[in-house]
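Spelled out, the chains give:
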Amino acid sequence: MSDTLFLILDIGNTNIKAALAAPGGPPGPSRAVPTRDGATALGPAVEALCAAAGTRPQALAGAVASSVVPPADAGAAALVHELTGRALRFTPRDLPLGFANMAAIPPNVGADRLAGAFGARVALPDARALVVLDFGTATTVDCVLGGDYLGGLTCPGLRTAADALTAGTALLPPLSLTLDDPGLRLSFDTMDSLNQGFLFGFAALAEGLVARLTALLGEPAEVVATGGLAPAVAALCPAIGHVRPALVMEGLSAALVAQGPYF
């Protein structure tokens, strides 16, 4: 079994997430390390994942990554080669995704966005139109129609915006971004007001963008959310129909078996 497992890395601006998966299969439990710590922290995380799966890094069939942090790529590739003896393949450069219009997609489109959109395409094959929301360091919104990736929008990240606000003000505390009660209410409490404002505000942002993008696409769309804060926003946003925390890794796993356009 271990010779069919691949190491999958999602190299983001805040964290590097690592998991093991068989091609086309669901990713296993993931481990996240701060991107700023790079290979120093990633090595032990990969070894721990392998130990939990009853295998060794040297027995893995390969490794694939999406990355939006080019300075981290060389260190990750060197570590993967040291641990597994294999080259780290980056999508879409080394491992194309199965969109029909892949050749027309500009190279500066974020690899994580492409992988997440492809993960949604594979997970929901009966939905012609898709809107994918990723609540990460930035909030990204991407559209898929049939087998084509159409691009999307980039908004401030929920946590990034919250940190910027509280770091630049004297009386506002760091936000927990959690709610004791999911109902919208007026409050005199500063923390409660902040948490409600950010969570309901981003839920309203998602609803508004989904409505406008659905009109642009010209047909109803399935809406998929991913990212660490996706469950918190989705609980307040009826427009979000699916929450898939590992969507980027699902897309990378699917890319390992995609030969040419998926649809």
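Our subject is the structure that appears above.
Described in the following lines is the structure provided in the data block. (Residues numbered from 1 in each chain as written. Predicted model: local features only at pLDDT ≥ 70, side-chain atom pairs only at ≥ 80, totals over all residues. Heavy atoms only, no water.)

1. Comments concerning helix 3 (residues 111-123)
Inference 1: Its 13 residues give helix 3 an end-to-end C-alpha distance of 18 Å, which sits within 8% of 18 Å, the value for a rise of 1.5 Å per residue.
Inference 2: Here helix 3 has its buried residues at Ala111, Asp112, Arg113, Leu114, Ala115, Gly116, Ala117, Phe118, Gly119, Ala120 and Arg121. (Helix = DSSP H or I, 4+ residues; strand = E, 2+ residues; numbered from the N terminus. Expected span 1.5 Å × (residues − 1). Buried < 20%, exposed > 50% of the residue type's maximum accessible area, 1.4 Å probe, protein only.)

2. Focus on the packing of aromatic side chains
Inference 1: For the structure shown, the criterion picks out 3 aromatic pairs.
Inference 2: Ring geometry for Phe99 and Phe118: centres 5.5 Å apart, planes at 75°, overall edge-to-face. Highlighted residues: Phe99 in the loop between strand 5 (88-90) and helix 3 and Phe118 in helix 3, separated in sequence by 19 residues.
Inference 3: With a centroid separation of 5.7 Å and an interplanar angle of 40°, the aromatic rings of Phe99 and Tyr149 are classed as tilted. Of the two residues, Phe99 is situated in the loop between strand 5 and helix 3 and Tyr149 in strand 8 (residues 148-156); the sequence distance between them amounts to 50 residues. Like Phe99, the residue Tyr149 is buried in the burial classification.
Inference 4: By the ring-pair criterion, three or more aromatic residues cluster together here, those being Phe99, Phe118 and Tyr149. (Phe/Tyr/Trp six-rings, centres within 6.5 Å; stacked < 30°, edge-to-face > 60°.)

3. Points about the pattern of salt bridges
Inference 1: Inspection of every chain in the model, using the stated rule, returns 5 salt bridges.
Inference 2: Salt-bridge contacts for Asp94 lead to Arg93; the nearest nitrogen and oxygen are separated by 3.1 Å.
Inference 3: Under the relative-accessibility criterion, Asp94 is labelled partly exposed at 34%.
Inference 4: What makes Arg93 exposed here is its relative accessible area of 62%.
Inference 5: Between Glu250 and Arg244 there is a salt bridge whose closest N-O contact spans 3.0 Å. (Salt bridge = Lys/Arg side-chain N within 4 Å of Asp/Glu carboxyl O.)

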